[in-house]
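Notes for the structure review
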Amino acid sequence: MGAKLERWIVGFGVAFIIAIFTLTAMQVIMRYGFGKTYFFTEELARYFLVWATLAGTAVETRRNGHIRIPIILERLPRGIRMIWIRLLDVFVLVLFVLLAWLGVKSMIFNHGQESSGMQMPLSIPFAAIPLFFALSAVFVVERLRRRHRGP
Amino acid sequence: MSFTLAVFLGVFLLLMLGGMPIAWAMIGATVIWMLASGEVVFLAILPDRIFQGIDVFILMAIPLFILVGELLNTGRITERLVHVANQFFGWARGGLAQVNIGSSILFSGITGVALGDIAALGRIFIPSMVKHGYPSAYAAAVTASSSIIGPMVPPSLIVIIYGATTGVSIGALFAACILPGLFVGACQLALVRLQASRRGFHPVRADRSPRALMGSAGAAAVPLMIPVIILAGILGGLMTPTEAGSVAALYALVIALFFYRTLKVSDLFGVFSRTMGFSAKLLIIVGCGAVFSLVLAIENVPALLQSAIHGSDLSQASTLLVANLLLLLIGMFLDPTAAIILFAPILAGVAAEVGIDPVHFGVLMILNLNIGLLTPPLGICLFATEEIAGCGLGPLFRETLPFLLVSLAALVLVTYFPALSLWLPGQMGLL
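Conventions we followed
- Residues numbered from 1 in each chain as written.
- Chains lettered and ligands numbered in written order.
- Predicted model: local features only at pLDDT ≥ 70, side-chain atom pairs only at ≥ 80, totals over all residues.
- Heavy atoms only, no water.
- Helix = DSSP H or I, 4+ residues; strand = E, 2+ residues; numbered from the N terminus.
- Rg over C-alpha atoms; globule rule 2.2 N^0.38 Å.
- Buried < 20%, exposed > 50% of the residue type's maximum accessible area, 1.4 Å probe, protein only.
- Contact = heavy atoms within 4.5 Å.
- Areas by Shrake-Rupley, 256 points an atom, 1.4 Å probe, with all protein chains shown as cover.
- Lys, Arg positive; Asp, Glu negative; His and termini not counted.
- Charge placed at Lys NZ, Arg CZ, Asp CG, Glu CD.
- Salt bridge = Lys/Arg side-chain N within 4 Å of Asp/Glu carboxyl O.
- Buried area = accessible area lost by both parts, 1.4 Å probe.
- Nonpolar A, V, L, I, M, F, W, Y, C, P; charged D, E, K, R; others polar.
- Axes fitted to C-alpha atoms, helices over the stretch in contact; angles between N-to-C directions.
- Parallel < 35°, antiparallel > 145°, perpendicular 65-115°, else oblique.
- Left-handed = near helix turned anticlockwise from the far one by under 90°.

Here we come to the overall build of chain B. A tally of helices and strands in chain B yields 20 helices and zero strands. Taking 2.2 N^0.38 as the reference for a compact globule, 431 residues should give roughly 22 Å; the C-alpha atoms of chain B span a radius of gyration of 22 Å, in line with that estimate. Once the C-alpha set of chain B is aligned to its principal axes, its extents read approximately 70 × 50 × 45 Å. In chain B, which comprises 431 residues, the proportion classed as buried is 61%. Taking contacts inside chain B between residues at least 6 apart in sequence as the whole, the part at least 24 apart equals 79%. Accessible area of chain B: about 15300 Å², with a carbon and sulfur share of 68%. Taking the average place of the 17 positive charges on the side chains of chain B and the average place of its 17 negative ones, the gap between the two points comes to 22 Å.

Next comes the structure, spelled out in C-alpha cells:
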C-alpha cells in the first residue's frame, strides 16, 4: 500500500514541478515575446511550490531521505541504536499528527480569506499541510510496523 | 540565557545530533519549547509559519536550478564539459587532477551544489584518476576539495537561500562570489601543480592543436551558455533569479532533447521526480527554519548576540576573525542550508552592526560553510567521495588536509581584502 501511495504522490509532485517550470517560463516568454503579463502566474507558481515541497517531503519521509546527521547514531551499539531510532520515529509521528491536526484547523481558519491575486480561498493552498503531513504520518506508521516485525 | 532557551537549544542539538532529520529536529525543539515555556498558544501558528516560509517567490529558483542540473546530468552533457576541461587544463603536470578542479569550476555554473558536483564528477574522475596511477585517497581528496568551488560560482542554491533569508540582493551576492570562488579554484590548481612535481603525476595526453581546441570550445559553448543566461539575466536586470532559472531549464531541456539528443522523453519523469525530491529536502528545512527563527526572535537571541558583541568592544577585524571561527565551527557540524537558515539572519545583523558590508559577509559565510563540508566530524563531501573511492576516511582526510589549508588561506585573504568580493558587484553597479 505504501509503495502505491508513494507512486501517486510522486506523480502529483512531478505535475507540480512541471507547473512551476511552465508558469515561470511562460511569464518570461509572455513578457518579452508578447509584452503581456498575467496576474495569476506568480501566485499560482508559489502555491505549486508549497504543494511540491510538501509532496516531496512525504516521499522523502518514506524513503528516509531527509537531510540528517547520522554520524553519532551510526556509532551507537546496535541494540541502543534500534531503540533510539524507534523513539525518534515515534516522536516524529507525534509531530506529524500534531501538524496535520493543526493544519486542518489552519485550513478551516483560512477558508474565509482569499488570495490577493486569484481571489482563491486560502484553504486550498493551505490544504497541502494537513494532507501531506497526514500522509507522512502514514509512512512513519508503516516504517514502525516494518521494524516491529523485524527483518 | 533563559532556562527555556537552554531547553530549546539542548533539545534541538540532542535530536539533530541523534540523527533526526534537521527539519523535524527544529519542529520538535520548538514544540518542546512551547510546552516548557507555557506558550502553547503559538502551536496554532506552526502550519502558517511553515507555509509562509516556503511560499516565497525567490525560492522557486531552487527547483528550477536543480532541474537544470538534472537535465544536463541525465543528458550526459556533463561528460562533454569534462572532455573540454581535459583539453584546456590537462596539459599541466598532474593533468587529471587539474582537469578535475577545472571541471568543478566549469560545472559549478550548472549545479551550484557541492554534492551535485561530486555525484556528477566524482563517478567520472575518481575511477579515471586511479586508473592513471593516482592514489584513490588523493583522487577522492581532489574531487571533494574542488566540489566546494561549485556553490561559490553562480548559479548557486546556497546564495539564493542566503539572499532569501537575509534580504541581501541575490544579484550582488552572485557577482560577489565569482572572484573568491575562482580564487579558491586557482589556489587548489597551484597546490596540485606543486604536488604533481613532487609525486610524479603526469599530464593528460590529448589533441591540443588550435583546431581541436577551437572545436572543443565551440562544443562547450552550447552548455556554457547556461550560466551566461542566468548571470546576464539577473545582473542585467532582465529577469529575477526565478525567471532566469526557468529560462535556463528551458534552454537545458531544448539542447538535451533536440540539439545533443542525449535525453529521451521517457527520461523526463525521472528528471522531474529527482528535482522534486531534492528540492523538498532543502525547502522543508527552509519552512521549518521559519518556525525555529520565531522562537529565537521571541527569546530575543539576535539582540542578546548584538549586545554581547557591543559589550566585548571588538574591532571590525577581530569581529571578522571571531565570525570566521564561529562559522567554521558551525560548518563542521551543520549542512550549509540549515546553517544559513539558523544563523544567517542573526549573524548578518551582528555583522552590519560593526560595519561589515552585508554582501561581503554573505560571501564569507557561504565560503566558510562550504569549507566546513571538508572538515570532520561531518564533512559531507568527504563521506560522499569516500563512498565512491572506498579509500577509508583516515587516508582521505590526510590527503584533503593540504587542500583544506589552502582553502583556509584563501578564506583569510577573502576576509581581509573585501575588494576581492566587492569589486565586481561594485563595477556592475549592484552595491
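As a further point, take the pattern of salt bridges. All names here are of chain A. By the definition in use, this model includes 11 salt bridges over all chains. Across the salt bridge formed by glutamate 60 and arginine 63, the nearest N and O atoms sit 3.9 Å from each other. Separated by three residues within a single helix, glutamate 60 and arginine 63 lie in helix α2 (residues 41-63), roughly one turn from each other. Residue glutamate 60 is classed as buried on the basis of its relative accessible area, which comes to 6%. For arginine 143, the salt bridge identified is with aspartate 89, shortest N-O distance 3.1 Å. You can see arginine 143 sitting in helix α6 (residues 128-149) and its partner aspartate 89 sitting in helix α4 (residues 78-111), a full 54 residues away along the chain. Here the salt bridges do not stand alone but share partners, grouping Glu6, Glu60, Arg62, Arg63 and Glu142 into one network.

Each partner contributes residues to the interface: chain B has 57 residues there, and chain A has 53 residues. The largest contributions to the chain B side of the interface with chain A come from Trp24, Phe51 and Met276 of chain B, which together make up 16% of the buried area. The tally of links from chain B across to chain A stands at two salt bridges. Residue glutamate 243 of chain B is joined to arginine 31 of chain A by a salt bridge in which the shortest nitrogen-to-oxygen separation is 2.8 Å. Among the residues making up the side of chain B that touches chain A, the classes are represented as 44 nonpolar, eight polar and five charged.

All names here are of chain B. Despite not being glycine, arginine 76 shows a phi value in the positive range, around 55°. Topologically, arginine 76 is positioned in the loop between α4 (61-74) and α5 (77-89). Taking relative accessible area as the criterion, arginine 76 reaches 45% and is therefore assigned partly exposed. Positive phi, close to 55°, is recorded for arginine 261, a residue that is not glycine. A relative accessible area of 67% means that arginine 261 is categorised as exposed.

What follows covers the packing of helix α18 (residues 380-389) of chain B against helix α19 (residues 393-416) of chain B. All names here are of chain B. In the contact formed by α18 and α19, the axes pass within 10 Å of each other and the chain directions differ by 120°. By the criterion of interaxial angle, the relationship of α18 to α19 is oblique. Handedness of the α18/α19 crossing: right-handed. Packed against α18, whose contacting residues are Leu382, Phe383, Thr385 and Glu386, the element α19 presents Leu393, Leu396, Phe397 and Thr400 at the interface. Here the contact of α18 with α19 is composed, by residue class, of five nonpolar, two polar and one charged.

The quantities given are spatial measurements derived from coordinates; they are silent on function.
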